[in-house]
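Chain by chain, the residues:
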Amino acid sequence: NLSYERSLTSWLSIAVSYGKIPEGEIPFSKQFLEEDDAAEFGLDKVQFSNTQLTIEPRFYLGKGYGRGFYFAPYYRQTTIQIDNLIYNMTFENDDFATPVTLSGKMNGNGFGLMLGSQWFIGKKNNWIIDWWIAGAHYGNSDGYFDGISDRVLTLDEQTQLKEALEGIDLSVANFETTITTNARGAKMSLTGPWIGLRSGLSFGYRF
């Protein structure tokens, strides 16, 4: 995460930050699925990445000019990319599962509030420690996923795939889903609330 903060007055500044999680395994992925659903998904090859853009004015209540306790209302835009998520679909009269590879992204927009404190250190007070004590944001999200089957599906199999995907329990995230199927797989769109938490410790240089 990289941030830039500019003091406008002794008690007000504006900060902009960009954060990225490089492509890798999905953290806590099994926590978002029911036990029966998790068994149908192949999570070993899935790839996940995340980018975030945050804009926040900071209001300092302590020593000012970027130092001391502050509160910061903020806007955050988040994009999550997921690739190679395997859904193992077992059709009627089949003794083996047909893998359907899902790929897509989610976009979230939220507004929130963070409390923090910042210190200047060093002989010239040029080094900074910024403690994000706690923050939370809420908003909305939308996303889409394309599912590609490794073989052509019949009309009956398309119906079965649609019913199976609609039966996945996403109530923990309160998402609404729309699913369509075709001979090569499925398309899924999602909308729902977007909730996030912030906390951390960062180091910087003042110039």
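Residues numbered from 1 in each chain as written. Predicted model: local features only at pLDDT ≥ 70, side-chain atom pairs only at ≥ 80, totals over all residues. Heavy atoms only, no water.

Student: What is the right way to read the pattern of salt bridges from this model?
Tutor: If charged atoms from side chains of opposite charge come close, those side chains can pair. As enumerated under the stated definition, the model contains 8 salt bridges in all. In this structure, K187 and D146 form a salt bridge, with 3.1 Å as the shortest nitrogen-oxygen distance. Taken together, the residues K187 in strand β9 (residues 185–205) and D146 in strand β7 (residues 127–149) connect sequence positions 41 residues apart. Judged by relative accessible area, which is 44%, K187 ranks as partly exposed. K162 is the partner of E166 in a salt bridge, and the nearest nitrogen-oxygen pair spans 2.5 Å. Linking E166 with K162, this pair stays in helix α2 (residues 155–166), spanning 4 residues, or about one helical turn. (Salt bridge = Lys/Arg side-chain N within 4 Å of Asp/Glu carboxyl O. Helix = DSSP H or I, 4+ residues; strand = E, 2+ residues; numbered from the N terminus. Buried < 20%, exposed > 50% of the residue type's maximum accessible area, 1.4 Å probe, protein only.)

Student: What am I meant to see in the nonpolar core here?
Tutor: Within soluble globular proteins, side chains that are nonpolar generally end up buried alongside one another. Counting residues in hydrophobic clusters, the biggest one holds 24 residues, and the most contacted among them are I82, Y87, M89, L161 and L165. For this core, the secondary structure elements donating two or more residues are β5 (68–89), β6 (98–121), α2 and β9. Ranked by residues supplied to this core, first place goes to β5 with 5 residues. If we ignore the near neighbours within four places in the chain, the residues touching M89 are F96, A97, T98, V100, Q160, L161 and A164. The next biggest cluster of nonpolar side chains, apart from the first, holds 6 residues, and it includes Y60, Y70, Y74 and M114. (Core = buried A, V, L, I, M, F, W, Y, C linked by side-chain atoms within 4.5 Å. Contact = heavy atoms within 4.5 Å.)

Student: Which parts of the structure should I look at to understand the side chain of Q158?
Tutor: With respect to the helices and strands, Q158 occurs in helix α2. With residues up to four places along the chain from it excluded, the contact list for Q158 reads L153, T181, N182 and A183.

Student: Honestly, α2 in this entry has me stumped. Any pointers?
Tutor: Because an α-helix completes one turn every 3.6 residues, residues spaced three or four positions apart along the sequence face the same direction. Over its 12 residues, α2 extends 17 Å from the first C-alpha to the last, a length consistent with the 16 Å expected when each residue adds 1.5 Å. Every buried residue belonging to α2 is among E157, Q158, Q160, L161, A164 and L165, and all of these are buried. Buried residues along α2 cover an arc of 165° about the axis, so they all sit on one side. Exposed positions of α2 whose direction lies more than 90 degrees from the buried face are L155 and E163. Tucked into the core, α2 has its buried residues touching β5, β6, β8 (176–182) and β9. (Expected span 1.5 Å × (residues − 1). Arc of directions from axis to C-beta.)

Student: What's the story with the packing of aromatic side chains in this structure? I'm lost.
Tutor: To describe a pair of aromatic rings, you give the distance between the ring centres and the angle between the ring planes. Applying the stated criterion across every chain yields a total of 5 aromatic pairs. Seen from their ring centres, W11 and F59 are 6.0 Å apart, and the 20° between their planes marks the pair as stacked. In this pair, W11 sits in the loop between β1 (2–7) and β2 (12–24) while F59 sits in strand β4 (residues 47–60), placing the two residues 48 residues apart along the sequence. Here Y60 and Y70 contribute two aromatic rings whose centre-to-centre distance is 5.2 Å and whose plane-to-plane angle is 55°, an arrangement assigned as tilted. (Phe/Tyr/Trp six-rings, centres within 6.5 Å; stacked < 30°, edge-to-face > 60°.)

Student: How should I be thinking about the pairing of β4 in this particular structure?
Tutor: Each regular strand shows side chains that alternate between the opposite faces of the sheet. Here 11 bridges tie β2 to β4, and the two strands are oriented antiparallel to one another. Bridge pairing in β4 places A15 opposite E56. As defined by bridge partners, β4 adjoins β5 across 11 bridges and the pair is classed as antiparallel. Bridge pairing in β5 places T51 opposite T79. (Pairing = 2+ DSSP bridges.)

Student: Honestly, unusual backbone geometry in this entry has me stumped. Any pointers?
Tutor: Excluding glycine, residues mostly have negative phi values, and the peptide bonds linking residues are mostly trans. A positive phi angle, near 50°, is found at Y65, a position not held by glycine. Position of Y65 relative to the elements: it lies in the loop between β4 and β5. The exposure class assigned to Y65 is exposed, which follows from its relative accessible area of 53%. With phi around 70°, N93 is a residue other than glycine that occupies positive phi space. Residue position: N93 is located in the loop between β5 and β6. Judged by its relative accessible area of 80%, N93 is exposed.

Student: Quick question: what am I supposed to make of the side chain of E56 here?
Tutor: By secondary structure assignment, the location of E56 is in strand β4. The exposure class assigned to E56 is buried, which follows from its relative accessible area of 3%. A polar contact is formed between the side chain of E56 and the side chain of R58, at a distance of 2.9 Å. When near neighbours in sequence (up to four residues on either side) are disregarded, E56 contacts S13, I14, A15, A72, P73, Y74, M114 and R198. (Polar contact = N/O pair within 3.5 Å; in protein donor to acceptor, adjacent residues only side chain to side chain.)

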